[in-house]
Amino acid sequence: MSQHITVRGFVATDPTIRNAQAGFPVGNFRLAATDRRFDREQNAWVDGNTNWFTVNLFRSLAQNAFTSLQKGQPVVVTGRLKVRPWETEERSGTAVEIEADTIGHDLSLGTATFQRSSGRPGEVAAGAAEAGTGPVGSDGPNEEAFDRETGELLGHEVAGARAAEGAEGSETGEDSADSPALSAA
């Protein structure tokens, strides 16, 4: 069964990312979506049942989700619902998955800053994986080469330059609150 759906919920696990055999990035995370309703008898909001989904991600969406999402953040996911039975020797069950087309932070609960990805996603991932400096390697991401705050891919020279900049800022007593970018906001 496959239907297009939109689900609002919370990221329940940090996104993972790896290379598929075909060479493109794939990833996933768990999503928890709990219904809330106002109970007039209690005069309060109450939680209903929680639905759990595995959200599957491909190519640039996998890379961007790995960079942008963290456990506990509210998101809105749109994609195709896949409900499949599974079975092992000891157990059986039903897998409920969303093959995501788009994901965004739920801005009714907070703010976010958008930054467009640079370059063509396939080229960035392939080149970075070959060099061993990108977000996607054969054994998974190299988080040191990935700035989770800005989403930038960091090469060894860039990472070294950022470390030096951070050291200079700490030597002069500067902190991020005093930076011109934040002061102008």
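Up top is the structure.
Remember, it's a predicted structure, so these values are computed and weren't measured experimentally.

1. Notes on the packing of aromatic side chains
Now for step 1: On inspection of all chains with the given rule, the structure shows one aromatic pair.
Now for step 2: Taking 5.6 Å as the distance between ring centres and 70 degrees as the angle between the ring planes, the aromatic pair formed by Phe38 and Trp45 counts as edge-to-face.
Now for step 3: Of note, Arg59 hangs over the ring of Phe24, and the distance from its end group to the ring centre comes to 4.0 Å.

2. Digging into the side chain of Thr67
Now for step 1: Position of Thr67 among the secondary structure elements: in helix α1 (residues 59-68).
Now for step 2: Polar side-chain contacts of Thr67 include one of 2.9 Å to the backbone oxygen of Gln63.

3. Quick word on the nonpolar core
Now for step 1: Counting 20 residues, the largest nonpolar core has Val7, Phe29, Leu31, Phe53, Val55, Leu57 and Val77 as the members making the most contacts within it.
Now for step 2: Looking at this core, the element that brings in the most residues is α1, giving four residues.
Now for step 3: Apart from residues lying up to four places away in sequence, Val7 is in contact with Leu31, Ala33, Phe53, Val75, Val76, Val77 and Ile98.

4. Here we look at the layout of surface pockets
Now for step 1: In this model, the second largest pocket occupies a volume close to 270 Å³.
Now for step 2: In terms of lining residues, the second largest pocket is bounded by Arg8, Gly9, Phe10, Ala32, Ala33, Thr34, Asp35, Arg36, Asn51, Pro74, Asp106 and Leu109.
Now for step 3: Among the elements of the structure, β1 (2-11) and β3 (25-39) are those that each provide at least two residues to the lining of the second largest pocket.
Now for step 4: Ranked by the residues each element gives to the lining of the second largest pocket, the list is headed by β3, at five residues.

5. What to know about the pattern of salt bridges
Now for step 1: Counting across every chain of the model gives six salt bridges.
Now for step 2: The partner of Glu99 in a salt bridge is Arg80, and the shortest N-O contact between them spans 2.7 Å. Of this pair, Glu99 sits in strand β6 (residues 92-105) while Arg80 sits in strand β5 (residues 74-87), placing them 19 residues apart in sequence.
Now for step 3: Residue classification places Glu99 among the partly exposed positions, given a relative accessible area of 24%.
Now for step 4: Of the charged contacts in the structure, one is a salt bridge between Asp101 and Arg80, with a shortest N-O distance of 2.8 Å. With a gap of 21 residues between them, Asp101 in strand β6 and Arg80 in strand β5 connect regions that are remote in the sequence.

6. A look at unusual backbone geometry
Now for step 1: Positive phi values are uncommon outside glycine, yet Asn43 reaches one of about 55 degrees.
Now for step 2: With respect to the helices, strands and loops of the structure, Asn43 is situated in the loop between β3 and β4 (44-58).
Now for step 3: Asn43 gets classed as exposed once you look at its relative accessible area, which sits at 59%.
Now for step 4: Although it is not a glycine, Arg59 sits at a positive phi angle of roughly 55 degrees.
Now for step 5: Mapped onto the fold, Arg59 is located in helix α1.
Now for step 6: Residue classification places Arg59 among the partly exposed positions, given a relative accessible area of 48%.

Conventions adopted
- Residues numbered from 1 in each chain as written.
- Predicted model: local features only at pLDDT ≥ 70, side-chain atom pairs only at ≥ 80, totals over all residues.
- Heavy atoms only, no water.
- Phe/Tyr/Trp six-rings, centres within 6.5 Å; stacked < 30°, edge-to-face > 60°.
- Lys NZ or Arg CZ within 6 Å of the ring centre and 35° of its normal.
- Helix = DSSP H or I, 4+ residues; strand = E, 2+ residues; numbered from the N terminus.
- Polar contact = N/O pair within 3.5 Å; in protein donor to acceptor, adjacent residues only side chain to side chain.
- Core = buried A, V, L, I, M, F, W, Y, C linked by side-chain atoms within 4.5 Å.
- Buried < 20%, exposed > 50% of the residue type's maximum accessible area, 1.4 Å probe, protein only.
- Contact = heavy atoms within 4.5 Å.
- 1 Å grid on protein atoms, 1.4 Å probe; cavity = no way out; pocket = protein on both sides within 12 Å on 5 of 7 lines; lining within 4 Å.
- Points joined across faces, edges and corners; volume = space filled by probe spheres on them.
- Salt bridge = Lys/Arg side-chain N within 4 Å of Asp/Glu carboxyl O.

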